[in-house]
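Listed below, chain by chain, are the residues.
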Amino acid sequence: MAERVFCVDFGTFYTKVALRSAPQEAGALVPCSDEGLDFWAPTVVSADWTRGEARLEFGHRAADAKPGGKVVVYSNFKRELFAPPPAQGPDLHPIDALLRSEEFEALAAKHGVLPAWVAGLRSLTTSARTLFGTPDASPGGAAARRQEEAKRLTYHYFKWLRECVLKACERLPHTALNYKDIPLRITVPLFGPIETLAQHPGCVRLRDALASAGWPLADPLFVSEPEANAVGILTKAVNALTVRTKKINFREMFNRGPLITVLAGDAHHPTYRALVIDVGTFTSDFAALGIDTCGKEIDTSNGAGFGVTQQSIAFGISDLDATVRAALPEEKRAALNGMARKDFAAFQVSTYSAETGYRIGPGKVIGGSADRPVVESCLSAFCTRLTDETAAFLQQLGPASMQELILTGGGSNIPAVREALIKAAAATPGAAFVKTHAPGLKKVKAGPPVDPLDDKFARGATALGGASLYFEREYF
Ligand SMILES: Nc1ncnc2c1ncn2[C@@H]1O[C@H](COP(=O)(O)OP(=O)(O)OP(=O)(O)O)[C@@H](O)[C@H]1O
Ligand SMILES: [Mg+2]
């Protein structure tokens, strides 16, 4: 039984860490960056080969590194871990892929290398590989190599993260705690039934990567991102035990907002549901937590629980980024590809939310007024797909007499995305939402109540919820 736990929300773009330092303590976000400035660390590793061997940097420092020359920046390794098996088809050896690439042909042309010489070079390398044998060149080989690399990067990243977290904990007031012994839990996307979460190949690879990163592992090690997020928001990270039984006290933990009315037994509102949608980088997560009291006050003190419907889909802000990249002129696409991760994040905010675009030099702006039609059309297609996915998720839910809508994740910071989701969710079976929680919401005169979520919950709820007593079955 984990009395205390660290929960890492291993986000594709940003990693967030929460700590529950005792069973009944509220979860708290840990400033897991070198500088301790904020509670998220970019999920990035950079390798600088200038001195012959790789010098690795992580988090904010890696996010400052520009890819190119002898610097390689890895910023997609969570996605690689969870990537589905590659589509069927011949898979090229990296040397063949390089020699057949458009970039290589362009480079050859630039240096006056004739196409016939390029063809000769291709057949030369093919013969050389046949001569010396190339175990890697099988179909699926490139994907397998990427996943092995993702495992190695994850191992290094978690080793670094652990050092940062332990350093940050030295600054916390509980001096008597031995933070080194506190186990690790991780939130992960849910691509199938919840019962099979830990068997997903991505979780198997993640567990392998963590085996020697130094962190003791909690049981369960994995909890799902959608459910953890919903729990973090609804409990606001509060944990509570019933004094007499030392068991989880659901009533105190979930005793916030409209849910109180339903739990107290209200004939007009026998059923409650929270619909939580998180738009992340790699996935969008849907969770519906519902409770049916039949209109009577129910004893929730010892864990009379919620029914949970939940799902992640492999569609997020990185898909929007990809369509915008592809639609921009070549020069701007190249500029985006050569950017440090920190600058790319600034480009996202200024292009998708502020609509000003991102300045890359005197008179040069990406995503500004010249690119507006392109960006708007990509955003609109992105919102349409999200709306369709929301509708498909809602179809499986029955009616509820009281509902709340909660929007989280970096994607919910984008006004167009938020508005599309609010509109799509309005089609949920049952009563209209009594309250909507989302970042950046403004109260409308005579409109329904709104809760403008701050960063702590809009971005940190998954880590906070994953550290909740809710996931410690021994306390039920
Ligand atoms: N105001 C904003 N405008 C535009 N984009 C934003 C804004 N705020 C955050 N983002 C972007 O939203 C994306 C999602 O952020 P988030 O932290 O939710 O992803 P994640 O948790 O790392 O991903 P996942 O959960 O899919 O693994 C990031 O690419 C981030 O840069
Ligand atoms: Mg996330």
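Residues numbered from 1 in each chain as written. Chains lettered and ligands numbered in written order. Predicted model: local features only at pLDDT ≥ 70, side-chain atom pairs only at ≥ 80, totals over all residues.

**Looking at the sheet that holds strand E7 (residues 71-74)**
Here is step 1 of the chain: Taking strand neighbours across the sheet as the criterion, the 3 strands line up as E6-E5-E7 in an open arrangement whose pairing is antiparallel. The strands lining the two open edges of the sheet, one partner per strand, are strand E6 (55-58) and E7. In this sheet, neighbouring strand axes are inclined to one another by 20° on average, regardless of whether the strands run parallel or antiparallel.
Here is step 2 of the chain: Two elements, strand E5 (residues 45-48) and E6, share 4 bridges in a ladder whose sense is antiparallel. Among the inter-strand pairings, Ala47 is bridged to a residue of E6, identified as Leu56. (Pairing = 2+ DSSP bridges. Helix = DSSP H or I, 4+ residues; strand = E, 2+ residues; numbered from the N terminus. Axes fitted to C-alpha atoms, helices over the stretch in contact; angles between N-to-C directions.)

**A closer look at the environment of Arg459**
Here is step 1 of the chain: Looking at the element boundaries, Arg459 is found in the loop between helix H16 (455-458) and helix H17 (461-466).
Here is step 2 of the chain: Judged by local crowding, Arg459 falls into the buried class, with 26 C-beta atoms found within 10 Å.
Here is step 3 of the chain: Separated by 46 residues in the primary sequence, Arg459 and Asn413 place their C-alpha atoms 9.8 Å from one another.
Here is step 4 of the chain: Beyond its immediate stretch of four places on either side in the chain, Arg459 contacts Lys16, Trp40 and Gly410. (Buried ≥ 20, exposed ≤ 12 C-beta atoms within 10 Å, placed from the backbone. Contact = placed C-beta atoms within 7 Å.)

**Here's the deal with the sheet that holds strand E12 (residues 307-313)**
Here is step 1 of the chain: What the 6 strands build is an open sheet, ordered E12-E11-E10-E15-E16-E17; its pairing is mixed. Bordering the open sheet on either side are E12 and strand E17 (450-452), each of which pairs with just one other strand. The average angle at which neighbouring strand axes cross in this sheet is 10°, direction not considered.
Here is step 2 of the chain: Helix-sheet contacts for helix H14 (residues 372-394) involve strand E10 (271-279), strand E11 (284-292) and E12, and the interaxial angle to E11 is about 30°.

**Points about the nonpolar core**
Here is step 1 of the chain: Counting 115 residues, the largest nonpolar core has Phe6, Val17, Ala18, Val30, Cys32 and Val165 as its most contacted members.
Here is step 2 of the chain: Considering every element that reaches this core, the biggest residue donor is helix H6 (residues 141-170), with 10 residues.
Here is step 3 of the chain: Among all residues touching Phe6, those that are not within four sequence positions of it are Val17, Leu19, Val165, Ile182, Leu184 and Arg185. (Core = buried A, V, L, I, M, F, W, Y, C linked by C-beta atoms within 7 Å.)

**Some remarks on the environment of Ala119**
Here is step 1 of the chain: For Ala119, the position within the fold is in helix H5 (residues 115-132).
Here is step 2 of the chain: Separated by 20 residues in the primary sequence, Ala119 and Leu99 place their C-alpha atoms 8.9 Å from one another.

**Considerations on the environment of Ser46**
Here is step 1 of the chain: Take Ser46: it is sitting in strand E5.
Here is step 2 of the chain: Note on Ser46: 24 C-beta atoms within 10 Å, which makes it buried.
Here is step 3 of the chain: The sequence separation of Ser46 and Ser75 amounts to 29 residues, and the corresponding C-alpha distance is 8.4 Å.
Here is step 4 of the chain: Ser46 has contacts with Glu57, Ala62, Ala65, Val71, Val72 and Val73, leaving out every residue within four places of it along the chain.

**Some thoughts on helix H15 (residues 415-425)**
Here is step 1 of the chain: For H15, the full list of buried residues reads Val417, Arg418, Ala420, Leu421, Ala424 and Ala425. Seen along its axis, H15 keeps its buried residues to an arc of 165°; they face one direction. Exposed positions of H15 whose direction lies more than 90 degrees from the buried face are Glu419 and Lys423.
Here is step 2 of the chain: Residues of H15 that are buried in the fold lie against E10, H14, strand E15 (402-408) and strand E16 (433-438). (Arc of directions from axis to C-beta.)

**Comments concerning unusual backbone geometry**
Here is step 1 of the chain: With an omega of 0°, the peptide bond running from Asp219 to Pro220 counts as cis.
Here is step 2 of the chain: With respect to the helices and strands, Pro220 occurs in strand E9 (residues 217-224).
Here is step 3 of the chain: Not every positive phi belongs to a glycine, and Ala237 is a case in point at roughly 70°.
Here is step 4 of the chain: Looking at where Ala237 falls in the secondary structure, it is placed in the loop between helix H8 (225-235) and helix H9 (250-253).
Here is step 5 of the chain: With phi around 60°, Glu355 is a residue other than glycine that occupies positive phi space.
Here is step 6 of the chain: Tracing the sequence through the fold places Glu355 in the loop between helix H13 (341-353) and strand E13 (358-361).

**Regarding the pairing of E10**
Side-chain positions along a regular strand alternate between the two faces of the sheet.
Here is step 1 of the chain: With 9 of 9 residues buried, E10 lies mostly within the body of the structure.
Here is step 2 of the chain: The alternating pattern of E10 places Thr271, Arg273, Leu275, Ile277 and Val279 and Tyr272, Ala274, Val276 and Asp278 on opposite faces, both of which are buried.
Here is step 3 of the chain: Examined bridge by bridge, E10 and E11 share 9 bridges and lie antiparallel to one another. In the strand pairing of E11, Tyr272 is matched with Ile291.
Here is step 4 of the chain: Linking E10 to E11, which pair antiparallel, is a turn of 4 residues.
Here is step 5 of the chain: The pairing of E10 with E15 spans 7 bridges and is parallel. Each bridged residue has a counterpart across the sheet, and for Ile277 the counterpart in E15 is Leu407.

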